[in-house]
Amino acid sequence: MGVPTALEWLGSCSGCEIAILNIGEALVPIITEALDIVHAPVLMDHKYFGQCGEGVTLEIPEATVGIVSGGVSNHEHLEVLEEMRKKCKVLIALGTCATHGGIPALMNGQDRKTSWEGIYQTLTTDPGATVPTVEVPAPLDRVYACDEKVKIDMQLPGCPPNPALIAEVIVSLLEGRPPVLPGKSVCDTCPTKREGKGAVTKVKRFITNAEFTPGEPISEMRCLLEQGYMCMGPVTAAGCAKLGAPSCISARVPCRGCFGPVRKDGNQLLDMMNALASNGIDFNSVVDRRSILRFSGAHGMLKPVKKRVEEEES
């Protein structure tokens, strides 16, 4: 018998579960010999309240290892997460939604009431449509990362997370050793050429191609940040690289920050403004600087913009 393992998904898109499948052939011995999966809604029909609905409270089997993907945005997510924490000895937050809020946490930057009205009261709905309250879990006041609600033993960000790192975490737990994970920034793993501060003083919108010679290796392309593009490599945790270069950079696209901040409590927005300034780029040229937090809006990082006094009075 393998190690009892429970998997759960909260507010997510299932990309993390696909990343697990993308481990490839190495996954076969992991799930057939090393792990004994006792709960996984994506794989098996295990009911929360008994197979016939006879239960009164939500129950998840006890497990040694628990893996949770997705953020916490409603009361059902919170209840499931708390039960996972109660039943699992080691709880892993998988993917950026679970570790930093991810894309769903973009809603944290909007007024909650206005957001829900915009979702449920559109031109295609009946007049007076409201947020449903029957048979639908009530939303929380904002989207939370998992560690804001329960103790998380290990975090593995990424949108999606790197399959090789998922395998490393699982294997390290089975072998009783610390996992070998990247501890640097995307820039530290990027092979592009750095020539120092360039003539660029304003951020370019990525509506034009970066300057590079087709066919030449990434190492011959100049750093995208030095070219003036909003590349978030300096403030984003490494880990996305699969074929040598960071994933976005390998496609000649600026890093979008999906692995979250390099430092545990880092603020990608503030850190990025400093990175731009150090490269001689005017941070005031950033059109929508709040979008820098597109993947890390939990932990109170992204909040609704307060209305100006004159707007409230008018």
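Right above here is the structure, for reference.
Residues numbered from 1 in each chain as written. Predicted model: local features only at pLDDT ≥ 70, side-chain atom pairs only at ≥ 80, totals over all residues. Heavy atoms only, no water.

J.: Looking at this structure, I do not really get the overall build of the protein chain. What am I missing?
T.: When you go through the protein chain residue by residue, the secondary structure sums to 9 helices and 7 strands. Taking 314 residues into account, the globule formula puts the C-alpha radius of gyration at 20 Å, and the protein chain, at 22 Å, falls close to it. Each of the three principal axes of the protein chain carries a C-alpha extent, and together these read 70 × 60 × 35 Å. Each of the 314 residues in the protein chain was classed as buried or not, and the buried ones make up 43%. Considering only contacts in the protein chain between residues 6 or more positions apart, those separated by 24 or more positions represent 75%. Accessible surface, the protein chain: about 16900 Å² in total, of which carbon and sulfur atoms supply 56%. Where the 31 positive side-chain charges of the protein chain centre and where its 37 negative ones centre are 8 Å apart. (Helix = DSSP H or I, 4+ residues; strand = E, 2+ residues; numbered from the N terminus. Rg over C-alpha atoms; globule rule 2.2 N^0.38 Å. Buried < 20%, exposed > 50% of the residue type's maximum accessible area, 1.4 Å probe, protein only. Contact = heavy atoms within 4.5 Å. Areas by Shrake-Rupley, 256 points an atom, 1.4 Å probe, with all protein chains shown as cover. Lys, Arg positive; Asp, Glu negative; His and termini not counted. Charge placed at Lys NZ, Arg CZ, Asp CG, Glu CD.)

J.: I would appreciate a short explanation of helix 6 (residues 163-175) in the present structure.
T.: Along an α-helix, a turn takes 3.6 residues, which lines up residues three or four apart on a common side. With 13 residues, helix 6 should cover 18 Å at 1.5 Å per step; its first-to-last C-alpha distance of 18 Å lies within 8% of that length. Buried residues of helix 6: Pro163, Leu165, Ile166, Ala167, Glu168, Val169, Ile170 and Ser172, and no others. In this structure, the buried residues of helix 6 make contact with helix 1 (15-21), helix 2 (27-34), strand 2 (35-39), strand 5 (88-94) and strand 7 (154-156). One or two steps after helix 6, the chain reaches glycine 176, where phi turns positive at roughly 70°. (Expected span 1.5 Å × (residues − 1).)

J.: Which parts of the structure should I look at to understand the nonpolar core?
T.: What tends to happen in soluble globular proteins is that the nonpolar side chains get buried as a cluster. Grouped together as the largest cluster of nonpolar side chains are 27 residues, with contacts concentrated most on Leu224, Leu225, Met230, Ile249, Met272, Leu276 and Ile292. It is helix 8 (residues 268-278) that provides the largest number of residues to this core, a total of 5 residues. Non-local contacts of methionine 272, meaning those with residues more than four positions away in its chain, are made with Leu225, Met230, Cys231, Met232, Val235 and Ile292. (Core = buried A, V, L, I, M, F, W, Y, C linked by side-chain atoms within 4.5 Å.)

J.: Explain the side chain of threonine 96 here, please?
T.: You can see threonine 96 is positioned in helix 4 (residues 96-100). A polar contact of 2.5 Å, which involves the side chain of threonine 96, links it to the backbone oxygen of cysteine 258. Among all residues touching threonine 96, those that are not within four sequence positions of it are Gly101, Gly102, Pro157, Gly158, Cys159, Cys258, Phe259 and Phe295. (Polar contact = N/O pair within 3.5 Å; in protein donor to acceptor, adjacent residues only side chain to side chain.)

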